[in-house]
Protein chains: 2
Amino acid sequence: MEYFPAPLEKLVEQFASLPGIGGKSAQRLAFYVLSLTQEEVQDFASAILEAKSSVTCCPVCRNLTAGGLCPICASPKRDGTTICVVADPRDVAAIERAREYNGSYHVLHGVISPMSHVGPDDLEIKSLVERVARGDVQEVIMATNPDTEGEATAMYLARLLRPFQVRVTRLAYGIPVGGHLEFADDATLMRALEGRQEL
Amino acid sequence: MEYFPAPLEKLVEQFASLPGIGGKSAQRLAFYVLSLTQEEVQDFASAILEAKSSVTCCPVCRNLTAGGLCPICASPKRDGTTICVVADPRDVAAIERAREYNGSYHVLHGVISPMSHVGPDDLEIKSLVERVARGDVQEVIMATNPDTEGEATAMYLARLLRPFQVRVTRLAYGIPVGGHLEFADDATLMRALEGRQEL
């Protein structure tokens, strides 16, 4: 017995297939769509199609862009001699929010993960090496996540870039600003001690 | 400074406007859409448009249907002399899942709520009265939610239907099956005592 009309049931299924959306939430979202005006629904559907069709990867840094060079690679104000290597476009957004970094990026679109069958060839590593090989890069900052896979990827890249005589650095580890020492884990505290600085 | 390309930013905004979806979830959903194939994205967008364009209200019971009479009103196996009045199409689905009720429904599409400026004229009350006035209805079961507004709506409808000499009933209150007495609230326990039945 079908409880909802087929097109509604289908929309519920579509929402339920999204990550983090369970059956009840999917139902709520589908009913919400029905409650929107025709125009709002049209806008929603267009936004989905538009995002998929017009968002591509920047030919230089592989960050997401709406076509052509990304705004960061296209900007003459950004320092192209420094490349910050991140796993995901969202990491670019996070670093940009800090308003501290003025170099360029390179988005790997993942990290090396033998468990998930992701090897170096599945990532934007060749394009990074080619950028560095072109010779005008002075520093590559590894800004992958501080977990096992992020670490391994950073180490792998550092070894790969050694022949190019470029400075390879890693984001500092330590106590997060505003954090409490008592809640910091052992590994973080150890790294914070190791990386202590003169006052 | 824009961190994501405009079409992606727009999709994030669209997702964030859905109920119960915060900024971070919206971002995750938008990136998920980018990771889908062209065909899957097309299916998702079509499901949204299709649900909005083809789901209408049944001309008899005002439940959602994909056009024409809803399957319940159209079924010769359902008892049209009993009408179960619910606030929302999801309540029909809930009662249908119990596989106990074989009558027809009437969906009010809301409850009377002066706080939210919803009066009797904003609901499918006129259509209910017309159905009852036609004369072949024997019982109307009030199955609005057991909260203040649901109660008030049920009381209002009961008074409205009094002239038609039809039996008007209300869903039983009591301890939910599988519940624990110690966790039942006072009002529920009071109603469970009041409604106690011979064993």
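Refer to the structure presented above.
Conventions adopted
Residues numbered from 1 in each chain as written. Chains lettered and ligands numbered in written order. Predicted model: local features only at pLDDT ≥ 70, side-chain atom pairs only at ≥ 80, totals over all residues. Heavy atoms only, no water. Salt bridge = Lys/Arg side-chain N within 4 Å of Asp/Glu carboxyl O. Helix = DSSP H or I, 4+ residues; strand = E, 2+ residues; numbered from the N terminus. Buried < 20%, exposed > 50% of the residue type's maximum accessible area, 1.4 Å probe, protein only. Pairing = 2+ DSSP bridges. Axes fitted to C-alpha atoms, helices over the stretch in contact; angles between N-to-C directions. Contact = heavy atoms within 4.5 Å. Buried area = accessible area lost by both parts, 1.4 Å probe. Polar contact = N/O pair within 3.5 Å; in protein donor to acceptor, adjacent residues only side chain to side chain. Least-squares fit on C-alpha atoms with pLDDT ≥ 70 in both.

(A) Just the pattern of salt bridges, in detail. On inspection of all chains with the given rule, the structure shows 12 salt bridges over all chains. Where A:R170 meets A:E151, a salt bridge forms, and the shortest distance between an N and an O atom there is 3.2 Å. In this pair, A:R170 sits in strand β6 (residues 167–170) while A:E151 sits in helix α7 (residues 148–161), placing the two residues 19 residues apart along the sequence. We classify A:R170 as partly exposed; its relative accessible area is 26%. Relative accessible area serves as the criterion here: at 19%, A:E151 is assigned to the buried category. Residue B:E130 pairs with B:K126 through a salt bridge whose shortest N-O separation is 3.7 Å. Here B:E130 and its partner B:K126 are both found in helix α6 (residues 126–133), four residues apart, which amounts to about one turn of the helix.

(B) How the structure looks around the sheet that holds strand β3 (residues 79–86) of chain A. All names here are of chain A. The strand order across the open sheet formed by four strands is β4-β3-β5-β6, and the pairing between neighbours is parallel. Single-partner strands in this sheet number two, and they are β4 (103–107) and β6. Sheet twist, expressed as the average angle between the axes of neighbouring strands with direction ignored, equals 25°. Of the strand pairs in this sheet, β3 and strand β5 (residues 139–142) are connected by four bridges, and their pairing is parallel. Its bridge partner being in β5, I83 is matched across the sheet by V140. Those strands touched by helix α5 (residues 89–97) are β3 and β4, and its axis lies near 155° from that of β4. Of the strands in this sheet, β3, β4 and β5 are in contact with helix α6 (residues 126–133), which crosses β4 at around 150°.

(C) Main features of the interface of chain B and chain A. Contacts between chain B and chain A engage 49 residues on the former and 49 residues on the latter. Summing both partners gives a buried area of about 4,700 Å² for chain B against chain A, and 75% of it is carried by carbon and sulfur. Together, B:Y3, B:K52 and B:R90 form the three largest contributors to the area buried by chain B at its contact with chain A, with a combined 15%. Our count for the contact surface shared by chain B and chain A stands at zero salt bridges. The interface formed by chain B and chain A contains eight residue pairs in polar contact (both at pLDDT 80 or more). Only α1 (6–16), α2 (23–35), α3 (38–54), β2 (64–65) and α5 (89–97) of chain B provide two or more residues apiece to the side of chain B that touches chain A.

(D) Here's a closer look at the relation of the copies chain B and chain A. Mapping chain B onto chain A is achieved by rotating through 180° and translating by 0.0 Å along the same axis, at an RMSD of 0.1 Å. The transformation relating the two chain copies, once decomposed into turn and shift, fits a two-fold axis. Among all residues of chain B, the one whose C-alpha sits closest to the rotation axis is B:A45, at a distance of 2.4 Å. Here 100% of the contact residues of chain B are again contact residues in chain A; the copies associate through an equivalent surface.

(E) Broad picture of α6(A). Taken together, the buried positions of α6(A) are occupied by A:S127, A:L128, A:V129, A:R131 and A:V132. Against β3, β4, β5 and α7 of chain A lie the buried residues of α6(A).

So far we have only geometry, and geometry alone does not tell us how the molecule works.
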